[in-house]
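Results of the structural survey
Here is what each chain is made of, one letter per residue.
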Amino acid sequence: MSEEGRHVVCPHCASINRVPLSRPAKAARCGRCKQGLFTGQPFSVDAAQFDQHIQKNDIPVVVDFWAAWCGPCKAMAPVFEKVSAELEPDFRFLKVDTEAEQGLAARYGIRSIPTMILFAKGEAVARHAGAVNAEALRAWLRQHEIR
Ligand code: ZN
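Fair warning: this is a prediction, and the values are worked out from it, not measured in the lab.

What counts, and where the lines are drawn
Residues numbered from 1 in each chain as written. Predicted model: local features only at pLDDT ≥ 70, side-chain atom pairs only at ≥ 80, totals over all residues. Heavy atoms only, no water. Helix = DSSP H or I, 4+ residues; strand = E, 2+ residues; numbered from the N terminus. Rg over C-alpha atoms; globule rule 2.2 N^0.38 Å. Buried < 20%, exposed > 50% of the residue type's maximum accessible area, 1.4 Å probe, protein only. Disulfide = S-S within 2.5 Å. Pairing = 2+ DSSP bridges.

When helices and strands are counted, the chain shows 4 helices and 7 strands. Listing the helices and strands of the chain from first to last along the sequence gives β-β-β-α-β-α-β-α-β-β-α. Over its C-alpha atoms the chain spans a radius of gyration of 15 Å, differing by no more than 12% from the 15 Å that the globule rule assigns to 147 residues. Taking the principal axes of its C-alpha atoms as reference, the chain extends roughly 45 × 30 × 25 Å. Looking at the chain residue by residue over its 147 residues, the buried ones come to 46%.

In total, this model carries 1 disulfide according to the counting rule given. The side chain of Cys 70 participates in a disulfide bridge whose partner is Cys 73; the two sulfur atoms lie 2.3 Å from each other. On the sign convention where negative means left-handed, the S-S torsion of about 85° between Cys 70 and Cys 73 marks this disulfide as right-handed. Cys 73 shares its class with Cys 70; the two are buried.

Here we take up the pairing of strand E1 (residues 5-9). Here 5 bridges tie E1 to strand E2 (residues 16-20), and the two strands are oriented antiparallel to one another. What sits directly across from Val 9, in E2, is Ile 16. Counted along the chain from E1 to the antiparallel partner E2, the turn is 6 residues long, and its residue Ala 14 has a positive phi close to 65°.

The structure is reproduced here in structure tokens:
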């Protein structure tokens, strides 16, 4: 290995990229599909994509478990988007529709939504149930930042 890097899963094609620490990660493009690895937006994932992101990313991954019928989830969606634009590429922001992906919701024992779970190297390291504002979300993530 010539240079230190972090593994980042492409949100578009799910392939694993190595992003050198010496270059700005925000500008990094996927070696396979050539699209930006960071777009400043959360990505909706299915179970297969979820597993790939949780297991292969070197950056922490925060997941918003939500559903279309949930009012507080809708209220929190713009907050999640705003904070993802601010905190990428230090975190990857994903969304899981608990109606479409009931297996994932069951696996993590999601009883109320929205619930956010922060993953690091495949492990759930923190979780928060209930909607939050941008300030609280930022503070929660920074508190659990992995360096
Ligand atoms: Zn790609």
